[in-house]
Amino acid sequence: MFDKNLTKPIPLLQAEALESRLKINHEKMPELKNNIKILKSGYNGEKELNYQLGQIPHHKYHIFHDLRLPAGETLFQIDVLLLSPKICIILDGKNHSGKIIIERNQMIQETADTREIYENPISQTNRHKILLRNWIEANTLPPIFLDNLVAFTRSSSEIIIAPGYKEAENKICKSHDLLKKIEELEGYYKKNCMSEQNILKLSNLLLRDHTPKRVDILQQFQVSESDVIIGVQCPECLFAPMDYCGNKWKCTACKVTSKDAHIKAINDYLLIFKPWFTNSEIRIFLNLPSPRAAGYILSFLKLSRTGRTSDSIYRQPLLFP
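As a starting point, this report considers the structure included with it.

Conventions used here
- Residues numbered from 1 in each chain as written.
- Predicted model: local features only at pLDDT ≥ 70, side-chain atom pairs only at ≥ 80, totals over all residues.
- Heavy atoms only, no water.
- Helix = DSSP H or I, 4+ residues; strand = E, 2+ residues; numbered from the N terminus.
- Buried < 20%, exposed > 50% of the residue type's maximum accessible area, 1.4 Å probe, protein only.
- Contact = heavy atoms within 4.5 Å.
- Pairing = 2+ DSSP bridges.
- Axes fitted to C-alpha atoms, helices over the stretch in contact; angles between N-to-C directions.
- Left-handed = near helix turned anticlockwise from the far one by under 90°.
- Nonpolar A, V, L, I, M, F, W, Y, C, P; charged D, E, K, R; others polar.
- Patch = residues over 30% accessible without salt bridge, like charges linked within 9 Å, V, L, I, M, F, W, Y side chains within 5 Å.
- Areas by Shrake-Rupley, 256 points an atom, 1.4 Å probe, with all protein chains shown as cover.
- Salt bridge = Lys/Arg side-chain N within 4 Å of Asp/Glu carboxyl O.
- Lys, Arg positive; Asp, Glu negative; His and termini not counted.
- Charge placed at Lys NZ, Arg CZ, Asp CG, Glu CD.
- Polar contact = N/O pair within 3.5 Å; in protein donor to acceptor, adjacent residues only side chain to side chain.
- Parallel < 35°, antiparallel > 145°, perpendicular 65-115°, else oblique.
- Phe/Tyr/Trp six-rings, centres within 6.5 Å; stacked < 30°, edge-to-face > 60°.
- Lys NZ or Arg CZ within 6 Å of the ring centre and 35° of its normal.
- Disulfide = S-S within 2.5 Å.

## Let's talk about the environment of P11
And step 1. By the element assignment, P11 lies in helix α1 (residues 10-20).
And step 2. On the basis of relative accessible area, P11 is assigned to the buried category, the value being 12%.
And step 3. In this structure the C-alpha to C-alpha distance between P11 and A253, which are 242 residues apart in sequence, comes to 31 Å.
And step 4. Apart from residues lying up to four places away in sequence, P11 is in contact with L39, K213 and V215.

## A word on the sheet that holds strand β5 (residues 99-103)
And step 1. The four strands are arranged β7-β6-β5-β9 in an open sheet whose pairing can be described as mixed. The open sheet has two free edges, formed respectively by β7 (115-118) and β9 (158-161), since each of these has just one partner strand. Between one strand axis and the next, the sheet turns through 20° on average, direction left out of account.

## Considering the packing of α1 against helix α2 (residues 29-53)
And step 1. Orientation of α1 relative to α2, taken along the N-to-C sense of each, is 150°, at an axis distance of 9 Å. With respect to the hand of their crossing, α1 and α2 are arranged in left-handed fashion. Residues P11, L12, A15, E16, L18 and E19 of α1 touch α2, and the partners they reach there are M29, L32, K33, N35, I36, L39, K40 and Y43.
And step 2. Of the residues belonging to the contact of α1 with α2, the class tally is nine nonpolar, one polar and four charged.

## Comments concerning a positive patch on the surface
And step 1. A contiguous patch of positive charge on the surface is contributed by K248, K250, K255 and K259.
And step 2. With respect to the helices and strands, the residue K250 is situated in strand β12 (residues 248-250).
And step 3. Given the relative accessible area of 45%, K250 is considered partly exposed.

## Re the side chain of S312
And step 1. Mapped onto the secondary structure, S312 falls in the loop between β15 (304-306) and β16 (313-315).
And step 2. Taking relative accessible area as the criterion, S312 reaches 1% and is therefore assigned buried.
And step 3. A distance of 3.2 Å separates the side chain of S312 from the side chain of R305, its partner in a polar contact.
And step 4. Within the structure, the side chain of S312 is placed 2.8 Å from the backbone oxygen of G307, a separation counted as a polar contact.
And step 5. If near-sequence neighbours (up to four positions away) are discounted, S312 is found in contact with F277, T278, N279, R305, T306 and G307.

## As for unusual backbone geometry
And step 1. A240 connects to P241 through a cis peptide bond whose omega is 5°.
And step 2. Within the fold, P241 resides in the loop between α7 (217-220) and β11 (243-245).
And step 3. Positive phi is not limited to glycine here, since Q222 has a value of about 55°.
And step 4. Mapped onto the elements of the fold, Q222 is located in the loop between α7 and β11.
And step 5. By relative accessible area, which is 58% here, Q222 ends up exposed.
And step 6. A positive phi angle is found at L238, which is not glycine, with a value near 70°.
And step 7. By secondary structure assignment, the location of L238 is in the loop between α7 and β11.

## Considering the packing of α2 against helix α5 (residues 178-188)
And step 1. Put simply, α2 and α5 touch, their axes get as near as 9 Å, and they point 60° apart. When the axis of α2 is compared with that of α5, the two are oblique. The two elements α2 and α5 meet at a crossing, and its hand is right-handed. Taken together, the residues of α5 that come into contact with α2 (itself represented by L49, Q52 and L53) are L178, L179 and I182.
And step 2. In terms of residue class, the contact of α2 with α5 is made up of five nonpolar, one polar and no charged.

## Things to note about the sheet that holds strand β3 (residues 74-83)
And step 1. Here six strands make up an open sheet; going across it, the order is β1-β2-β3-β4-β8-β10 and the pairing mixed. On the outer flanks of this sheet lie β1 (2-4) and β10 (172-174), each paired with one strand and no other. In this sheet, neighbouring strand axes are inclined to one another by 35° on average, regardless of whether the strands run parallel or antiparallel.
And step 2. Summarising the sheet, strand β8 (residues 146-152) and β10 pair through three bridges and their orientation is parallel.

## Notes on helix α8 (residues 262-272)
And step 1. Burial of α8 is extensive: eight of the 11 residues sit out of reach of the surface.
And step 2. Restricting attention to buried positions, one finds in α8 the residues H262, A265, I266, D268, Y269, L270, L271 and I272.

## Considerations on the packing of aromatic side chains
And step 1. Scanning the entire structure with this criterion turns up eight aromatic pairs.
And step 2. With a centroid separation of 5.0 Å and an interplanar angle of 35°, the aromatic rings of Y269 and F273 are classed as tilted.
And step 3. Ring centres of Y296 and F300 lie 5.0 Å apart, and the angle between their planes is 75°; this geometry places the pair in the edge-to-face category.
And step 4. By way of ring pairs, the aromatic residues Y269, F273, F277, F285 and Y314 are connected into one cluster.
And step 5. The ring centre of W276 lies 4.5 Å from the NZ or CZ of K274, which sits over that ring.

## Side note on the state of the cysteines
And step 1. Under the defined criterion, the tally for this structure stands at zero disulfides.
And step 2. Just so you know, C193 is unpaired, no disulfide at all, and the nearest cysteine sulfur is the one on C88, 9.4 Å from it.

Laid out in structure tokens, this is it:
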């Protein structure tokens, strides 16, 4: 079963929010669009893995997508973790296109007009295996057998493994062969090494220690706060700002009205600037006429609130735990 479901990565949501809030001819727009393309490619690969893993009988594994766990002063990220009483499998997904050459010290991607060199994904998952074992020991959990796989999710990509590189031959597959590879690993580990009680304890600890990735999107692309278009955007023509009158929003460009167009704008603020705001900050961003109007809108939203004064802090707990 899926203990942690696949969700759209927060950095992708942040980049998309910023894209919608910059002028189309902004100098950073090409770089931003390219970043969105890369992040979407990775997310599409994860969706393919999720589809394949969804065919595993629910009782066999606890499955976690996108775990980001502490390792000393830093964090390490695991694309997918499969947990059973017999084995814990670290799964890394790659959505690269073209010809992929796997050598012991590197991975080479060749397309019609490019040649890129990356870290060997087997080395990456081996490192994550060590870090996960350290994390398990630090949490005084019983040892469990750890193994790892790398799945390439594009059926059109050509995978070439260097001659004699047996570890890669055993650990790398296309996503359509993933279930077979998992089944092969299961054959090596026949004895349970963790009770169901410890499995549930481990699951809870993984979810507790998970830290979602969030970037400073303005700093990443060197975009000034003043370049971000404020106001509620029309859901039809994207004009901003819409006018707020009579508890609804009206677009002065196409005359469309909406009662909830502010929801996307608030999400945009949380994604672009910071994962919290005060009444005055969101009032300025939404172009509202008064603190009372902002308070009225916020009262209908499922936001956590700290404090009871005008300086109260509002957060969105579901998106930013």
